[in-house]
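# Breakdown of the fold
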Amino acid sequence: MKKSLEDHAARFDEKANEYDDSNSEEYRACANLVIEHAAPAEDDVVLDLGTGTGAIALALAPDADRVVGRDISEGMMEEASAKAEDEGIENVEFGHGTFREPEYDGPVDVVTSNFAMHHLSDEQKREAIEVIADLEPRKFVLGDVMFFGEPDPSEPFYSPDVDDPATVGTLADAFTNAGFSLTAVERVHDQVGVLVAERGPMADAETPETQARE
Ligand SMILES: C[S@@+](CC[C@H](N)C(=O)[O-])C[C@H]1O[C@@H](n2cnc3c(N)ncnc32)[C@H](O)[C@@H]1O
């Protein structure tokens, strides 16, 4: 992580009230794919990490039983809560939590995250993916800045002073090592994509075999 949690929280607190008007076409495409792939069932609990102003959480709430949003920026979550109230959405709850300490230990069926995990270092992303796997969701849908090819620092999606995106390969390895199977890869841009990771009988069956070979 190139900035501390406090720095990131302060940065997002500051831009919270203009955040929703400042997003790119690629961000919107990515968010739409996360929503589409998350596709919760009506009795599902969704955990949305780095929930921000609730773009994903609020879009999924009408289809899910409950959505739990976690973030480090109170300012971003105040915007999210205000939108939930305006839209009459009552099955969503926002509170403090990080990727590696989500501060939620209830049941989770689907975990989502959009445009947030790239703030973590690759090692922290691996730890976060392990923490998420331990919550035993059946699916984790990650939309984010990620490198499909050689990173180009002049591209608008990558600010080297604050962002630390991983390659798609690094993320795929982290998912597989945590017991997920990668079931979809969506490339939105050379530096933006959506990965769908699922756990199930196949993933569980593969884990002991993989361990035995090591
Ligand atoms: C670019 S916004 C994305 C918000 C939302 N997911 C969306 O799609 O609009 C990134 C969010 O990640 C949050 N964030 C950054 N680092 C985090 C961390 N380690 N744990 C949880 N949230 C974090 C920021 O506070 C911010 O609200």
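About the criteria used
Residues numbered from 1 in each chain as written. Predicted model: local features only at pLDDT ≥ 70, side-chain atom pairs only at ≥ 80, totals over all residues. Near = placed C-beta within 6 Å. Helix = DSSP H or I, 4+ residues; strand = E, 2+ residues; numbered from the N terminus. Nonpolar A, V, L, I, M, F, W, Y, C, P; charged D, E, K, R; others polar. Core = buried A, V, L, I, M, F, W, Y, C linked by C-beta atoms within 7 Å. Buried ≥ 20, exposed ≤ 12 C-beta atoms within 10 Å, placed from the backbone. Contact = placed C-beta atoms within 7 Å. Axes fitted to C-alpha atoms, helices over the stretch in contact; angles between N-to-C directions. Parallel < 35°, antiparallel > 145°, perpendicular 65-115°, else oblique.

### Quick word on the site of the ligand
For the ligand, the set of nearby residues contains 23 residues, the closest of which are Gly50, Gly52, Ser73, Asn114 and Ala116. Elements supplying a minimum of two residues to the shell around the ligand: helix H1 (5-19) and helix H3 (55-60). For the shell around the ligand, the leading source of residues is H1, giving 4 residues. Its residues assigned to classes, the shell around the ligand shows 13 nonpolar, 9 polar and 1 charged.

### What about the nonpolar core?
Membership of the largest hydrophobic core comes to 55 residues, with the highest contact counts inside it found for Cys30, Val34, Ala57, Leu60, Val67, Phe175 and Val194. With 6 residues, the top contributor of residues to this core is strand E5 (residues 139-147). Those residues within four positions of Phe175 in sequence are excluded, and the remaining contacts are Ile129, Phe180, Leu182, Leu195 and Ala197.

### A look at the environment of Pro151
Take Pro151: it is sitting in the loop between E5 and strand E6 (166-167). What makes Pro151 partly exposed here is the crowd of 17 C-beta atoms within 10 Å. Remark: the alpha-carbon pair of Pro151 and Asp190, spanning 39 residues in sequence, is separated by 8.3 Å.

### Examining the packing of H1 against helix H4 (residues 74-87)
It is at 7 Å that the axes of H1 and H4 come closest, and there the two elements cross at 25°. Taken together, the axis directions place H1 and H4 in an arrangement best described as roughly parallel. Seen from H1, the contacting residues are Phe12, Asp13, Ala16, Asn17 and Tyr19; seen from H4, they are Glu74, Gly75, Met76, Glu78 and Glu79. Among the residues forming the contact of H1 with H4, the class breakdown is 4 nonpolar, 2 polar and 4 charged.

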